[in-house]
Amino acid sequence: MSQPMQLSLEQQFNIRSFETQVQKMSREQAQDFLVKLYEQMIMRENMYKEFLKHEWGLEPS
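All values derive from a computational prediction rather than experimental measurement.

Help me out: how do you make sense of the overall build of the protein chain in this one?
Scanning the protein chain from terminus to terminus reveals two helices and zero strands. By the compact-globule yardstick of 10 Å for 61 residues, the protein chain is too spread out, its C-alpha radius of gyration being 17 Å. Scored against the burial criterion, the 61 residues of the protein chain give a buried share of 0%. Separation of charge centres in the protein chain, based on 7 positive and 9 negative side chains, amounts to 6 Å.

Shown next, in the form of structure tokens:
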């Protein structure tokens, strides 16, 4: 298995802070939050794809 990318101290702190927030959520809040988070991940992936297409000149003229 590949070595996971190292996180900065700030990122580690943010993860712990996030963990505390999530522990305070109800099950329903957590489920809603997960759906929104997944939606954001997909939107970010699309943004990266568009950015790379543009940077690599793969867009049709």
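What is the right way to read helix α2 (residues 27-55) from this model?
In an α-helix, one turn spans 3.6 residues, which is why side chains three or four residues apart end up on the same side. Compared with the 42 Å implied by 1.5 Å per residue over 29 residues, the 42 Å span of α2 between its first and last C-alpha is a close match. Positive backbone phi, approximately 65°, marks glycine 57, located one or two places after α2.

Hey, could you run me through the environment of phenylalanine 33 in this one?
Note on placement: phenylalanine 33 falls in helix α2. In this structure, the C-alpha to C-alpha distance between phenylalanine 33 and valine 22, residues 11 residues apart in sequence, is 9.1 Å. Setting aside anything within four residues of it in sequence, one finds phenylalanine 33 in contact with Phe18 and Met25.

Which parts of the structure should I look at to understand the packing of aromatic side chains?
To describe a pair of aromatic rings, one takes the distance between the centres and the angle between the planes. Per the stated rule, a full pass over the model turns up one aromatic pair. Taking 5.6 Å as the distance between ring centres and 40° as the angle between the ring planes, the aromatic pair formed by phenylalanine 18 and phenylalanine 33 counts as tilted. Separated by 15 residues along the polypeptide, phenylalanine 18 in helix α1 (residues 9-23) and phenylalanine 33 in helix α2 bring together distant segments of the chain.

Any chance you could explain the pattern of salt bridges here in plain terms?
Any two side chains of opposite charge can pair, so long as their charged atoms come close to each other. What the rule picks out here adds up to two salt bridges. The partner of lysine 49 in a salt bridge is glutamate 45, with the nearest N and O atoms 3.2 Å apart. One end of the pair is lysine 49 and the other is glutamate 45, both in helix α2 and four residues apart, which spans about a single turn. Taking the relative accessible area as the measure of exposure, glutamate 45 reaches 43% and is therefore partly exposed. Across the salt bridge formed by glutamate 50 and lysine 53, the nearest N and O atoms sit 3.1 Å from each other. Here lysine 53 and glutamate 50 lie together in helix α2, a separation of three residues that amounts to about one turn. The exposure class assigned to glutamate 50 is partly exposed, which follows from its relative accessible area of 42%.

The rules behind these values
- Residues numbered from 1 in each chain as written.
- Predicted model: local features only at pLDDT ≥ 70, side-chain atom pairs only at ≥ 80, totals over all residues.
- Heavy atoms only, no water.
- Helix = DSSP H or I, 4+ residues; strand = E, 2+ residues; numbered from the N terminus.
- Rg over C-alpha atoms; globule rule 2.2 N^0.38 Å.
- Buried < 20%, exposed > 50% of the residue type's maximum accessible area, 1.4 Å probe, protein only.
- Lys, Arg positive; Asp, Glu negative; His and termini not counted.
- Charge placed at Lys NZ, Arg CZ, Asp CG, Glu CD.
- Expected span 1.5 Å × (residues − 1).
- Contact = heavy atoms within 4.5 Å.
- Phe/Tyr/Trp six-rings, centres within 6.5 Å; stacked < 30°, edge-to-face > 60°.
- Salt bridge = Lys/Arg side-chain N within 4 Å of Asp/Glu carboxyl O.

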